[in-house]
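Notes for the structure review
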Amino acid sequence: MSEQLQKPAGASSSRTRKLQELSSLALSGGGSEKAKAQKGKGKLLARERLEELLDEGSFQEIGLLVEPALRHPSYQGRLLGADGVVTGVGKILGRSVAVFSQDFTVLGGSLGLAHARKICRILDLARESGMPVLGLCDSGGARIQEGVESLGGYADIFYRNVQASGAIPQISAILGPCAGGAVYSPALTDFVFMVEKVSHMFITGPEVLRAATGEQSDFESLGGAQVHGEKSGVCHFVCASESQCFRQIQELLSYLPSSFRERPPYLATSDPADRESPFLEELSEGDSKRAYSVKDAIWEIVDDRKFFEVHRSFAPNLVVGFARMHGEVVGVVANDPAHLAGALDIAASEKGARFIRFCDAFQIPLLTLVDVPGYWPGVDQEHGGIIRRGAKLLYAYCEATVPKVTVVLRKAYGGAYDVMASKHVHGDFNFAWPNAEIAVMGPQGAVEILYSKELARAEDPEGFRQKMRAEYLEHFTSPYQAARRGYLDEVILARHTRKKVIAALEVLQGKSVAAPGKRHANMPL
Ligand code: HXC
């Protein structure tokens, strides 16, 4: 028998005791005082968060016993359990996910070398095993004591986020501060969740800002959930509480495949595929200038009226989100006439492009509902880069090879007609309702340009104007012009929209397009 195997009696039980000691130290994070302070701020602890997020009893921790890789004198006598980040795997709705949850009780959840390595390990595991990765971020950023090792640690994470992009879904929940370069890992992921009054993201905090530029702000007005949900568009989901945030993450995952290799999860429905909609018929027959919420139309079309909206508060003139059609997941992109008359602007273009690229990466077919008067005009839009930034939406639709089914509901004018998954950007099935208007521009603008001389000479300019507008509508905007040329596959009755879309998606289930032979494309950024 080898010397190693001849352990003295009692050695194994002392090792077992040691395991208990080490584990209990690690599990205590930064200690009870720090935990109390965290709870005092109305925040959950890192492990409590995982308990709420994951299926009961499913969490398997990885790296519990990891300690700081560097030993700074200020660490002496402190509890630095698991080096400030809880990592592992678990299940959500029975499907495996990889997770990390930063522990603010340990040096403010700051990221040192060992902490970064733990996150990298989780990202590698998730990508190689084909499962989504969820990061719960609550951190003061790069750990000052570990200097360049912390900076390098962040870059190691960024690199992995990019390698994983398009391979597995990556989701970030910001559940505390997220400062400096630390915001860039969440920004590289697919979906960012924030909680009102709890989450803050900024490159430069209020104090530094005040010193550098004199601008006055606070955490909330500079980088709170509302700001990033509505103005910057950094955040896709603004949640009222941490619990709501976890429920929303679970719901989001119910629409997503675990990796790009899989199809999104099918969910059987009792909602008939051929269910007709009198509401859509009414919408189609009514005044095309009347504002309405396109979400009412989406609910009518999709399974069980269930639509999971993404990026709700940002660029509401373009609605995006997930739904199911006869059990199969689709990504819905729809102009919303309730905001800016449904026109496209910079924010809507970027929002749509990002969503379409996500769907394309993860085999999620696109259902596009078009009701768009064109691009939103304005000096601020031109100077803000609507040409460069608006091109992103066009690019994303042209690039997407997943099934693309398009329905023109009421209007498709100008360049926005081209962009919104038209036949010309390789829409697979293009439908329109009978009263849809498809033309270079609306009758108001067109009549002024085409008949400027006649209008100047007319005895009754207003009467002439009205007559010409009616003629224009009749001759230039009907969907039959497009149908005649094959740019529409079918003009459908509005009440049949659901069954037509489902039938088209069924046909397209086996769609496959060979990847173009080049290194990568160069989309406008
Ligand atoms: C080390 C940190 C830390 C950090 C916080 N702590 N941030 N320790 N490195 N970056 C420690 C505090 O010293 C404190 O330690 C504990 O965490 C809790 O912090 P408090 O300040 O008491 O908490 P609070 O008042 O809630 O404020 C949280 C905070 C603030 C907003 C995050 O701590 C803060 O502004 N920290 C610095 C943020 C920052 O500028 N980080 C660097 C960004 S640059 P004790 O001893 O009390 O427990 C960066 C570069 C990344 O991240 C580059 C990637 C490209």
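What this report covers is the structure whose coordinates are included nearby. (Residues numbered from 1 in each chain as written. Predicted model: local features only at pLDDT ≥ 70, side-chain atom pairs only at ≥ 80, totals over all residues. Heavy atoms only, no water.)

Okay, the overall build of the protein chain next. Secondary structure assignment for the protein chain yields 21 helices and 16 strands. If you line up the protein chain on its principal axes, its C-alpha atoms span 105 × 60 × 45 Å. Of all 525 residues assigned to the protein chain, the portion counted as buried reaches 50%. Positive and negative side-chain charges of the protein chain, numbering 59 and 62 respectively, have mean locations separated by a distance of 5 Å. (Helix = DSSP H or I, 4+ residues; strand = E, 2+ residues; numbered from the N terminus. Buried < 20%, exposed > 50% of the residue type's maximum accessible area, 1.4 Å probe, protein only. Lys, Arg positive; Asp, Glu negative; His and termini not counted. Charge placed at Lys NZ, Arg CZ, Asp CG, Glu CD.)

Close contacts around the ligand come from 20 residues, with Lys34, Arg78, Gly108, Gly140 and Ala142 the closest. Residue Lys34 places a side-chain N or O atom 2.7 Å away from an oxygen atom belonging to the ligand. Gly140 is positioned such that a nitrogen or oxygen atom in its backbone is 2.6 Å from a nitrogen atom of the ligand. For the ligand, whose free accessible area comes to 1000 Å², the fraction covered by protein is 59%. Listed by contribution, the elements that provide at least two residues to the shell around the ligand are α5 (147-164) and β5 (170-179). Ranked by residues supplied to the shell around the ligand, first place goes to α5 with three residues. (Near = heavy atom within 4 Å. Polar contact = N/O pair within 3.5 Å; in protein donor to acceptor, adjacent residues only side chain to side chain. Areas by Shrake-Rupley, 256 points an atom, 1.4 Å probe, with all protein chains shown as cover.)

The next subject is the environment of Ser293. Assignment of secondary structure puts Ser293 in the loop between α11 (278-285) and α12 (294-301). A sequence separation of 49 residues divides Ser293 from Gly342, and the C-alpha atoms of the two residues are 9.5 Å apart.

With that out of the way, let us pick up the side chain of Lys118. Mapping Lys118 onto the fold places it in helix α4 (residues 113-129). Notably, Lys118 is buried but unbridged: the nearest opposite-charge side chain belongs to Glu61, and the N-O separation is 5.0 Å. Polar contacts involving the side chain of Lys118 include one to the main-chain carbonyl oxygen of Gly63, which spans 3.0 Å. Ignoring anything within four residues of it in the chain, the contact list for Lys118 reads Ile62, Gly63, Val66, Ala82, Val85 and Thr87. (Salt bridge = Lys/Arg side-chain N within 4 Å of Asp/Glu carboxyl O. Contact = heavy atoms within 4.5 Å.)

Below, the discussion takes up the packing of helix α13 (residues 346-361) against helix α15 (residues 386-399). Relative to each other, α13 and α15 sit at 25 degrees, their axes nearing to 8 Å. When the axis of α13 is compared with that of α15, the two are roughly parallel. For the pair α13 and α15, the crossing hand works out as left-handed. Note on element contacts: α15 touches α13 through Ile386, Arg389, Gly390, Lys392, Leu393, Ala396, Tyr397 and Glu399, opposite Ile346, Ser349, Glu350, Gly352, Ala353, Ile356, Arg357 and Asp360. In terms of residue class, the contact of α13 with α15 is made up of seven nonpolar, three polar and six charged. (Axes fitted to C-alpha atoms, helices over the stretch in contact; angles between N-to-C directions. Parallel < 35°, antiparallel > 145°, perpendicular 65-115°, else oblique. Left-handed = near helix turned anticlockwise from the far one by under 90°. Nonpolar A, V, L, I, M, F, W, Y, C, P; charged D, E, K, R; others polar.)

Counting buried positions along strand β2 (residues 85-92) yields seven of eight residues, so the element is predominantly enclosed. With two bridges connecting them, strand β1 (residues 60-61) and β2 associate as antiparallel partners. The residue of β2 that forms the bridge with Glu61 is Gly88. Direction of pairing for β2 relative to strand β3 (residues 95-102): antiparallel, over a ladder of eight bridges. (Pairing = 2+ DSSP bridges.)

Right, let's get into the packing of aromatic side chains. The tally for this structure, following the rule as stated, stands at 15 aromatic pairs. Ring centres of Phe358 and Phe362 lie 4.7 Å apart, and the angle between their planes is 35 degrees; this geometry places the pair in the tilted category. Owing to a relative accessible area of 0%, Phe362 belongs among the buried residues under this scheme. The rings of Phe191, Phe193, Phe237, Tyr255, Phe308, Phe322, Phe355, Phe358 and Phe362 are connected pair by pair, giving a single aromatic cluster. (Phe/Tyr/Trp six-rings, centres within 6.5 Å; stacked < 30°, edge-to-face > 60°.)

At a minimum axis distance of 9 Å, the contact between helix α17 (residues 443-450) and helix α19 (residues 461-476) shows a crossing angle of 115 degrees. Taken as axis vectors, α17 and α19 run roughly perpendicular relative to one another. For α17 against α19, the interelement crossing comes out right-handed. Contacts between α17 and α19 involve Pro443, Gln444, Ala446, Val447, Glu448 and Leu450 from the first element and Arg465, Met468, Arg469, Tyr472 and Leu473 from the second. In terms of residue class, the contact of α17 with α19 is made up of seven nonpolar, one polar and three charged.

Let us now look at a nonpolar patch on the surface. On the surface, a nonpolar cluster with roughly 240 Å² of combined accessible area is contributed by Leu19, Leu22 and Leu65. Within the fold, Leu22 resides in helix α1 (residues 11-27). (Patch = residues over 30% accessible without salt bridge, like charges linked within 9 Å, V, L, I, M, F, W, Y side chains within 5 Å.)

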